[in-house]
Amino acid sequence: MVEYRYTDYFENEVLRRRQYLRKEWCVFVVENAEKVESQEQNRYRFWARIPELENRYLRVITLDDKVTIHNAFPDRSFKL
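Residues numbered from 1 in each chain as written. Predicted model: local features only at pLDDT ≥ 70, side-chain atom pairs only at ≥ 80, totals over all residues. Heavy atoms only, no water.

Attention now goes to the overall build of the chain. Scanning the chain from terminus to terminus reveals two helices and five strands. Secondary structure elements of the chain, listed N to C terminal, follow the sequence β-α-α-β-β-β-β. Counting only C-alpha atoms and orienting by the principal axes, one finds that the chain spans roughly 25 × 25 × 25 Å. Split into buried and exposed, the 80 residues of the chain put 41% on the buried side. (Helix = DSSP H or I, 4+ residues; strand = E, 2+ residues; numbered from the N terminus. Buried < 20%, exposed > 50% of the residue type's maximum accessible area, 1.4 Å probe, protein only.)

Shown next as C-alpha coordinates:
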(Lines give C-alpha, C1' and ligand atoms only; values in the text may rest on other atoms or scores of the structure.)
Protein backbone atom coordinates (compact mmCIF):
# COMPACT_ATOMS: atom_id res chain seq x y z
CA MET A 1 0.00 0.00 0.00
CA VAL A 2 1.30 3.42 -0.98
CA GLU A 3 1.77 5.96 1.79
CA TYR A 4 0.74 9.37 0.48
CA ARG A 5 2.39 12.55 1.67
CA TYR A 6 1.29 16.17 1.49
CA THR A 7 3.31 19.31 0.89
CA ASP A 8 3.24 22.12 3.44
CA TYR A 9 1.47 24.19 0.79
CA PHE A 10 -1.33 21.61 0.59
CA GLU A 11 -1.65 21.27 4.37
CA ASN A 12 -1.48 24.99 5.17
CA GLU A 13 -3.00 26.73 2.16
CA VAL A 14 -5.12 24.39 0.07
CA LEU A 15 -7.00 22.76 2.94
CA ARG A 16 -7.47 26.13 4.64
CA ARG A 17 -8.92 27.77 1.52
CA ARG A 18 -10.95 24.75 0.37
CA GLN A 19 -12.25 23.38 3.64
CA TYR A 20 -14.69 21.07 1.85
CA LEU A 21 -11.81 19.00 0.37
CA ARG A 22 -10.97 15.62 1.85
CA LYS A 23 -7.56 13.97 1.69
CA GLU A 24 -9.22 10.64 0.91
CA TRP A 25 -10.75 12.19 -2.23
CA CYS A 26 -7.29 13.27 -3.36
CA VAL A 27 -5.91 9.77 -2.84
CA PHE A 28 -8.90 8.33 -4.72
CA VAL A 29 -8.20 10.62 -7.67
CA VAL A 30 -4.52 9.62 -7.86
CA GLU A 31 -5.35 5.92 -7.61
CA ASN A 32 -8.38 5.99 -9.96
CA ALA A 33 -7.58 8.77 -12.38
CA GLU A 34 -9.54 8.93 -15.60
CA LYS A 35 -6.76 11.06 -17.07
CA VAL A 36 -3.13 11.74 -16.07
CA GLU A 37 -0.72 14.15 -17.68
CA SER A 38 2.69 15.54 -16.85
CA GLN A 39 2.94 19.18 -15.96
CA GLU A 40 5.89 21.55 -16.14
CA GLN A 41 8.17 21.74 -13.08
CA ASN A 42 8.16 17.95 -12.59
CA ARG A 43 4.57 17.61 -11.45
CA TYR A 44 1.62 15.49 -12.53
CA ARG A 45 -2.09 16.22 -12.93
CA PHE A 46 -4.76 13.61 -12.17
CA TRP A 47 -8.52 13.86 -12.77
CA ALA A 48 -11.42 11.76 -11.51
CA ARG A 49 -15.09 12.30 -10.69
CA ILE A 50 -16.04 12.70 -7.04
CA PRO A 51 -19.71 11.87 -6.33
CA GLU A 52 -19.67 13.97 -3.14
CA LEU A 53 -18.72 17.02 -5.24
CA GLU A 54 -21.93 16.77 -7.25
CA ASN A 55 -20.14 14.34 -9.56
CA ARG A 56 -17.66 17.02 -10.68
CA TYR A 57 -14.06 16.30 -11.56
CA LEU A 58 -11.37 16.92 -8.98
CA ARG A 59 -7.92 17.80 -10.29
CA VAL A 60 -5.06 16.71 -8.03
CA ILE A 61 -1.48 17.87 -8.57
CA THR A 62 1.37 15.75 -7.25
CA LEU A 63 5.11 16.14 -7.22
CA ASP A 64 7.04 13.97 -9.66
CA ASP A 65 7.01 11.02 -7.24
CA LYS A 66 3.21 10.80 -7.76
CA VAL A 67 2.65 10.25 -4.02
CA THR A 68 3.22 13.74 -2.62
CA ILE A 69 0.01 15.71 -3.07
CA HIS A 70 0.59 19.40 -3.66
CA ASN A 71 -2.72 20.90 -4.81
CA ALA A 72 -6.34 19.95 -5.48
CA PHE A 73 -9.44 21.71 -6.75
CA PRO A 74 -12.66 21.04 -8.65
CA ASP A 75 -11.95 21.48 -12.35
CA ARG A 76 -15.06 22.97 -13.92
CA SER A 77 -13.60 23.09 -17.41
CA PHE A 78 -12.32 19.49 -17.58
CA LYS A 79 -13.64 17.36 -20.43
CA LEU A 80 -12.57 13.83 -21.31
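Here we take up the packing of aromatic side chains. Summed over the entire model, instances satisfying the criterion amount to three aromatic pairs. Three or more aromatic residues joined by ring pairs make a cluster, and in this case those are Trp47, Tyr57 and Phe78. The ring of Trp47 has Lys35 lying over it, and the distance from NZ or CZ to the ring centre is 5.8 Å. (Phe/Tyr/Trp six-rings, centres within 6.5 Å; stacked < 30°, edge-to-face > 60°. Lys NZ or Arg CZ within 6 Å of the ring centre and 35° of its normal.)

Within helix H2 (residues 23–31) the residues assigned to the buried category are Trp25, Cys26, Val27, Val29 and Val30. Along its buried surface, H2 packs onto strand S1 (5–6), helix H1 (8–17), strand S3 (43–50), strand S4 (56–63) and strand S5 (68–74). (Contact = heavy atoms within 4.5 Å.)

Take the sheet that holds S3 next. The five strands lie next to each other as S1-S5-S4-S3-S2, forming an open sheet whose pairing is mixed. What marks the edges here is a single partner per strand, and that holds for S1 and strand S2 (35–39). Lying over the sheet, H1 contacts S1 and S5, oriented at roughly 25° with respect to S5. The strands that H2 touches are S1, S3, S4 and S5; relative to S3, the one it contacts most, it runs at about 105°. (Pairing = 2+ DSSP bridges. Axes fitted to C-alpha atoms, helices over the stretch in contact; angles between N-to-C directions.)

Once that is clear, we can look at unusual backbone geometry. The backbone of Gln41 shows a phi angle near 65°, a positive value even though the residue is not glycine. When you line up the elements, Gln41 lands in the loop between S2 and S3. For Asn42, which is not glycine, the phi dihedral falls at a positive 55°. Its place among the elements puts Asn42 in the loop between S2 and S3. The exposure class of Asn42 is exposed, given its relative accessible area of 57%.

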